Amino acid sequence: MTGTGRGRLEGKVVLVTGAARGLGAAICRAAAQEGAHVMVTDVDVAGAEGTARQLAAEGLSARATVLDVTDQDSVDAAVRATAEWHGRIDGLVNNAGILVEADVASLTEEQWDLVMDVNLKGAWRMTKAVIPIMLERGSGSIVNMSSLGGHFARPGHVSYAVSKAGLLNLTRATAVDFGRQGIRCNAICPGSTMTDMLRQHLESTGDLAAMTEDNIGRNRVGRLGRPEEIGATAVFFLSDEVGYVNGSYLLVDGGRHATT
Ligand SMILES: NC(=O)c1ccc[n+]([C@@H]2O[C@H](COP(=O)([O-])OP(=O)(O)OC[C@H]3O[C@@H](n4cnc5c(N)ncnc54)[C@H](O)[C@@H]3O)[C@@H](O)[C@H]2O)c1
């Protein structure tokens, strides 16, 4: 086996977007540890190369390529490079995302368009590009990174919340359209997990330590999520072990959604 895990993704090729850091990088590590060949992609190409270098240094199979999910040429080039690597693409994780903080009235049209373009249309562009390659083998697993924020509204998160809710129905639509042809699609809905995105959000709303404590107080496990827990969830959806899980989502939020 090539990875250090149980080989649940042995020999599969998995492309992860937004993987220079944070949850994307953790997903790459988790997939590679399970034996996948991981294409690490990001608009931040230096960051993507750093992630891939780190994994390769640990004896895992990883490569990096630049990818801006808002640019169709960039999408096509990254998908082509991934397919050429081992002649297949088995998994796609649409993880790239941005958060713009503005309420319904102060959000600009440009901000609305940018968030939709990255978070929602970017995932559709990627899905559309990999489906023909997955169909060649009659199998594939697509994982969309939604959010707890795709289920509930938080103050000042309108464009983010709408894009993440949209991802849940993109997930169902893909599952419904291609499930019979062997392509599954599911979504992960993380609660607060410590990454650069969360840190910037907490700092923008107040003192980091106080805001972190406030956030922890809202869930039922008494800590923030760990990126590797999202990595493990992505492996779960990517694995053939759960071939009957399609058009579904998993909330990974320490039970925050379960309380008032
Ligand atoms: N961290 C959390 O608490 C949390 C909770 C719920 C959902 N999420 C979602 O998880 C995903 C990853 O979040 P994170 O916390 O690791 O964020 P992050 O900001 O640390 O990382 C996001 C990555 O996406 C990349 N990216 C941005 N625009 C891109 C584009 N146009 N094309 C390609 N890549 C692009 C960035 O360069 C960055 O590397 C996002 O979709 C986010 O909405 C995060």
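Residues numbered from 1 in each chain as written. Predicted model: local features only at pLDDT ≥ 70, side-chain atom pairs only at ≥ 80, totals over all residues. Heavy atoms only, no water.

- The name given to the protein chain in an unreviewed UniProt entry is 3-oxoacyl-[acyl-carrier protein] reductase, and the organism recorded there is Ornithinimicrobium humiphilum.
- What UniProt states about the protein chain under its Sequence similarities (unreviewed entry) heading is, verbatim, "Belongs to the short-chain dehydrogenases/reductases (SDR) family." (UniProt positions renumbered as here; feature names shortened; annotations may be inferred.)

1. Regarding the site of the ligand
- Neighbouring the ligand are 28 residues; Arg21, Asp42, Asn95, Tyr160 and Thr195 lie closest to it.
- Backbone polar atom of Leu23 to an oxygen atom of the ligand: 2.8 Å apart, as the coordinates give it.
- Contact with the protein chains hides 93% of the accessible area of the ligand, taken as 830 Å² for the molecule alone.
- The cavity that encloses the ligand is the largest pocket. (Near = heavy atom within 4 Å. Polar contact = N/O pair within 3.5 Å; in protein donor to acceptor, adjacent residues only side chain to side chain. Areas by Shrake-Rupley, 256 points an atom, 1.4 Å probe, with all protein chains shown as cover. 1 Å grid on protein atoms, 1.4 Å probe; cavity = no way out; pocket = protein on both sides within 12 Å on 5 of 7 lines; lining within 4 Å. Sits in = over half its atoms within 2 Å of the grid points.)

2. Remarks on helix α3 (residues 72–86)
- Under the 1.5 Å per step criterion, the end-to-end length of α3 is 22 Å for 15 residues, consistent within 8% with the ideal 21 Å.
- Those residues of α3 that sit buried are Ser74, Val75, Ala78, Val79, Thr82, Ala83 and Trp85. For α3, the angular spread of buried residues about the axis comes to 160°, placing them on one side. With respect to the buried face of α3, the exposed residues turned more than 90 degrees away are Asp73 and Glu84.
- Elements in contact with the buried residues of α3: β1 (13–16), β2 (37–42), β3 (62–66) and α4 (109–137). (Helix = DSSP H or I, 4+ residues; strand = E, 2+ residues; numbered from the N terminus. Expected span 1.5 Å × (residues − 1). Buried < 20%, exposed > 50% of the residue type's maximum accessible area, 1.4 Å probe, protein only. Arc of directions from axis to C-beta. Contact = heavy atoms within 4.5 Å.)

3. A word on the pairing of strand β6 (residues 183–190)
- In terms of burial, β6 is a largely internal element, eight of the eight residues being buried.
- Side chains Ile183, Cys185, Ala187 and Cys189 project from β6 onto one buried face, and the interleaved Arg184, Asn186, Ile188 and Pro190 project onto a second face that is buried too.
- Here six bridges tie strand β5 (residues 140–145) to β6, and the two strands are oriented parallel to one another. If you follow Ser141 over to β6, its bridge partner there is Arg184.
- The parallel pair β5 and β6 is bridged by helix α5 (residues 158–178), and the resulting crossover is right-handed.
- By the bridge criterion, four bridges tie β6 to strand β7 (residues 249–252) in an arrangement that is parallel. If you follow Ala187 over to β7, its bridge partner there is Tyr249. (Pairing = 2+ DSSP bridges. Right-handed = clockwise from strand over helix to strand, strands pointing away.)

4. Here we look at the sheet that holds β7
- A sheet is described by the order of its strands in space; here seven strands give the open sequence β3-β2-β1-β4-β5-β6-β7, paired in parallel fashion. The sheet is open, and its two edges are formed by β3 and β7, each paired on a single side. Pairwise comparison of adjacent strand axes, ignoring direction, gives a mean angle of 20° for this sheet.
- Of the strand pairs in this sheet, β1 and β2 are connected by four bridges, and their pairing is parallel. (Axes fitted to C-alpha atoms, helices over the stretch in contact; angles between N-to-C directions.)

5. Comments concerning the pattern of salt bridges
- The tally for this structure, following the rule as stated, stands at 11 salt bridges.
- The partner of Asp240 in a salt bridge is Lys12, with the nearest N and O atoms 3.0 Å apart. With Asp240 in the loop between α8 (227–238) and β7 and Lys12 in the segment before β1, the pair connects residues that are 228 residues apart, well separated along the chain.
- Residue classification places Asp240 among the exposed positions, given a relative accessible area of 55%.
- Judged by relative accessible area, which is 12%, Lys12 ranks as buried.
- For the salt bridge of Asp196 with Arg21, the shortest nitrogen-to-oxygen distance reads 3.6 Å. Of this pair, Asp196 sits in helix α6 (residues 196–205) while Arg21 is found in the loop between β1 and α1 (22–33), placing the two residues 175 residues apart along the sequence.
- Judged by relative accessible area, Asp196 falls into the partly exposed class, the value being 30%.
- Bridged by salt links that share partners, the residues Arg21, Asp196 and Arg199 form one connected network. (Salt bridge = Lys/Arg side-chain N within 4 Å of Asp/Glu carboxyl O.)

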